[in-house]
Amino acid sequence: MKPPVPHRRWVLAATTALALIVGGLAIPVTRAAEAAPVGAGSYTTTPVGPLPSGCGAMSSNPRQFATANAPTGPIPTNDWWSSLLWKRTDCSFSEPLHAHPISYDTFGDGLGFSGNSTPAISGTATGVGEFHYPYVQDIRVGVAGLAAPLVKVDGWTDWTVSPHWSDGTRTMRATIGHGLPFAYFQTTGGNAQISTAGTPDVWSNSGATIGFRVNGHDYVGFAPSGASWTVASGRISSTLAGRGYFSVALLPPTSSATERAALAATYGQYAHAHVTGTQVSYAYNPATSGLTTTYAFTTTAREGTATQTVVSLYPHQWKSLSGSTAITPTYPSARGRMKVLTGVNQFRTAMKFQGILPELPAVGDGSGGDLSTLTGHLAATRANPMDQRGNDTYWTGKGLGRAARIAEIADQVNDTTTRDSALNAIRSTLTDWFTASSGKTSRVFYYDNTWGTLIGYPASYGSDQELNDHHFHYGYYIAAAATLAKFDPTWAATSRYGGMVDLLIRDANNYRRDDTRFPYLRDFDIYAGHDWASGHGSFGSGNNQESSSEGMNFASALIQWGQTTGDTAVRDAGVFLYTTQAAAIQEYWFDVSDQNFPAAFGHSTVGMVWGDGGAYATWFSAEPEMIQGINLLPVTGGHLYLGNNPAYVRTNYAELVRNNGGQPTVWQDILWQFQALGDPDAALANLRANPGYTPEEGESRAHTFHWIRNLAALGNVDTTVTGNHPLSAVFSRNGARTYVASNPTAAPITVTFSNGTTLSVGAGKTATTGAYTWSGGNAAGGVPPTTPTDPPPTDPPPTDPPPTTTPPPATGGPTRYLLPGGGLGAAGGAATTTVAAANGNHDGTPTNAQVFTATGLNLAYTGGQTTFDLFVDAGTAVGNGVQVRISYDLTGNGSWERVETLRYFATDPVPGYEHYTQNAGLSTATGTLGALSNGTVRVEVWSAIGNNPSTVGIGNQSVLRLPYS
């Protein structure tokens, strides 16, 4: 195979194309845009540059290799199996498909299996090196006489795919997937046939089951009951008793024949419960900073009554497994040992989201000489805050990222001139890209309905023709938009340019299954736990990704955008991507526990992860600084995960120095900022000793100084404590903790940390407590100038002080229980009520709500806040979220003077009550509280998300405490 064309390079190149060939006609690629409006923004539906292409004369039709049974809508790209559907190097068949624990390949006569457990290692321990578990065929499964001219795709789910063969007489459909030790088959027109590499060592052949060894790997074939297997001339075949289905499983390595036989018998219980669907669901609970992810399997019983299956888990999964116990032995794989679960139809992981920040707080450079140094660096960026090195989507993104960091830092130290310069650059650039005016052919986004994708032009590094790197490029745009939204919420409104930001999010990683414009989570491999960069994945080693950190830039951008704009669905999708991928990066890019890389590989990190291995290398450079630095940039407050293990940071940096033959000489700022997460004092010394360093293309001296100087004050990331707000973090230095939280909204908040520490954060501010105390600039206090098309946002209405008049005599107390029949009063007997399933997204909108009301209240307002404790339980249901809204009619005249909608509470799938409290935080609040005079209080409880009902304990259980006396 020819060497792959790099999809990322760190040199600037012009994109040039003369014409687009569609249906044999040459169409100029500079056609004027036809705008489709999205709020005040727009995209074009007319091609303005090269489009995605595949193999053969129908290369512009991505469905030529899908059957009529395949799901409708946009095709998935950027997956582990993408070369099966998007053929680039072979117009008939795929490149190897590395599913783990099995790798597959497709041929005219069937599906090849490789259980290769021996790594191929090349290079050196101090230079470029790679390890791969390449496809080495053990067996090929097909139908006798099958000679299909090509293989198509008959279906796909979240982490499975179903290739399909037909030669007009015989057909075969297989289902394969991540983590599945089974491959499932349905055939017509001939006997099932398993061809082996050499003579198979048959160790069991009894009835419908045959066990055999090839190349040191044990396989078991399971035919329908009543069928048998015959062995002749290196081929194993079965008539399948005329029933046309079977399965083949790879067993884990075993130490004895007895153990092997026992595993075969266990697997046999589930051999005919064919996996026909897979789906992920996730729930983020801000109150506990917990992320629960459920991986569910749908099976079809071809015979028998079994509905469960056998699965193997990657290290990032089994290390966070919740409610199940994996068994041994394990499978070897390119990702380390995979542990096995038998007899399951789902498993669940529980992880902690550690929190992110828009930027580090200015606890170390907020005064004195360091402040003077910082403001000098900031002033130097004022005339050109983006310092853009190219006009394409990637280099524009890098410039936007640079400007966003400058704006955040300048605001903290009250340098409003520099802040406004950076925000104006972000606003004008994004507004330009988000506007597809007539005749515009550059700095524009184009939506292609055929491929289901949004492409920015000028494109770069294959983001157009190969759909590479969309999450890399667009993450910068979204992150910059999140910064701008904090200061200019009007610009970010859906009616203005927020809709275009959402389109970028959905293109790279669509978080809505019901959105048919884009595939679900395009760039994110749900089961593997990380992104893939290549759209087509047509390499012998499978798909690949270098810059895991730019993938994390996308995920953290979603968290910030969602939190700033109040879009909890986007925020929660970002938390899922971020938390899952942070765990995967620690395992597969860094191998922090030193368990996953082959021992002879000799490196503590890789620059690239491949489907079948990893490489201490990049597409663009052999310099150790770039090999290691590509998984560190951009350095932002969304990249604190890099410091979750300070000891590993020091190990990684030490390898860099060793392989480089000394301290870094390029990308020094990126590497020192990483070093600061493990040894901040050393990083600060390196920075001060090398004032003439050359900044990396997306960096500024201001940000580098700010980052390193403040980590020298804050210390290391403290992962033992989490906050109940996504924009929060904890640091520890010499035993003293600093708690940090950022509030991008227009109302003050209180953040509670898992050890009980609380932190009040003003509107638009960053606050710290513990070892240091500091508050940053207020977004609402200094909105920068806007463009003529964007009127300046108005300040929120002033909050009226509580009335000082004496209310009528009190009626009842401020503590109220949710009662049967819809009342709010004194505690009654224990009871329950059912909250109907959402069956959609009703976040913020009461739908089929249970309503509880108290009327005729005469109470004095104390100036506090509403508190509550609702007993909620979703049983074993996955993905439910209960939400509450509390409304106050102060005079009983039918007008609600104060309405508080809390963020929904994501229930766990474990039977037993959970406590939904005000710590979930306000989603929205309108109006002000005052004395209740014949007033009314109403509580509405409904399902914001989830397809199953939930239970609420009432009577003497769920309680509401009013801020009254």
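Thresholds, definitions, all that
- Residues numbered from 1 in each chain as written.
- Predicted model: local features only at pLDDT ≥ 70, side-chain atom pairs only at ≥ 80, totals over all residues.
- Heavy atoms only, no water.
- 1 Å grid on protein atoms, 1.4 Å probe; cavity = no way out; pocket = protein on both sides within 12 Å on 5 of 7 lines; lining within 4 Å.
- Points joined across faces, edges and corners; volume = space filled by probe spheres on them.
- Helix = DSSP H or I, 4+ residues; strand = E, 2+ residues; numbered from the N terminus.
- Nonpolar A, V, L, I, M, F, W, Y, C, P; charged D, E, K, R; others polar.
- Axes fitted to C-alpha atoms, helices over the stretch in contact; angles between N-to-C directions.
- Parallel < 35°, antiparallel > 145°, perpendicular 65-115°, else oblique.
- Left-handed = near helix turned anticlockwise from the far one by under 90°.
- Contact = heavy atoms within 4.5 Å.
- Expected span 1.5 Å × (residues − 1).
- Buried < 20%, exposed > 50% of the residue type's maximum accessible area, 1.4 Å probe, protein only.
- Salt bridge = Lys/Arg side-chain N within 4 Å of Asp/Glu carboxyl O.

**Student:** In this structure, what is going on with empty space enclosed by the protein? I would like to understand it.
**Tutor:** Empty space among the atoms can be located by rolling a probe the size of a water molecule over them. The full count for this structure, using the stated rule, is 11 cavities of 30 Å³ or more. Of the voids in this model, the largest cavity is the one considered here, and its volume is about 160 Å³. Lining the largest cavity are 17 residues, with G401, R405, Y476, P634 and T636 positioned closest to its centre. At the level of elements, α5 (393-412), α7 (470-487) and α10 (548-565) are the ones that each hand at least two residues to the lining of the largest cavity. Its residues placed into classes, the lining of the largest cavity shows five nonpolar, seven polar and five charged.

**Student:** Just to check I follow, could you spell out the packing of α7 against α10 for this structure?
**Tutor:** To describe two helices that pack against each other, one gives the angle between their axes and the distance between the axes. Running from amino to carboxyl end, α7 crosses α10 at an angle of 30 degrees, the nearest separation of the two axes being 8 Å. As the angle between them shows, α7 and α10 are arranged roughly parallel. In terms of crossing hand, the pair formed by α7 and α10 is left-handed. Along the contact surface, α7 presents H471, F472, G475, Y476, I478, A479, A481, A482, A485 and K486, while α10 presents E550, G551, N553, F554, A557, L558, Q560, W561, T564 and T565. Residues of the contact of α7 with α10, tallied by class, amount to 11 nonpolar, seven polar and two charged.

**Student:** Is there a simple way to explain helix α16 (residues 701-714) in this structure?
**Tutor:** The periodicity of an α-helix, 3.6 residues per turn, causes residues three or four positions apart to be oriented the same way. Here α16 is 14 residues long and its end C-alpha atoms lie 20 Å apart, about the 20 Å a rise of 1.5 Å per residue gives. Buried residues dominate α16, accounting for 13 of its 14 residues. Of the residues flanking the end of α16, it is G715, one or two places downstream, whose phi is positive at about 95 degrees.

**Student:** Would you mind going over the pattern of salt bridges with me for this structure?
**Tutor:** The full count for this structure, using the stated rule, is 32 salt bridges. Among the ionic pairs, R170 bridges to D167, the shortest N-O distance being 3.0 Å. By relative accessible area, D167 is classed as partly exposed at 22%. E359 is paired through a salt bridge with R405; the nearest N and O atoms lie 3.0 Å apart. On the criterion of sequence distance, the pair formed by E359 in the loop between β28 (346-352) and α4 (368-381) and R405 in helix α5 is long-range, its members being 46 residues apart. For the pair E359 and R405, a shared accessibility class is recorded, and that class is buried. What you see here is one network of salt bridges that share partners, running through D502, R506, D515 and R517.

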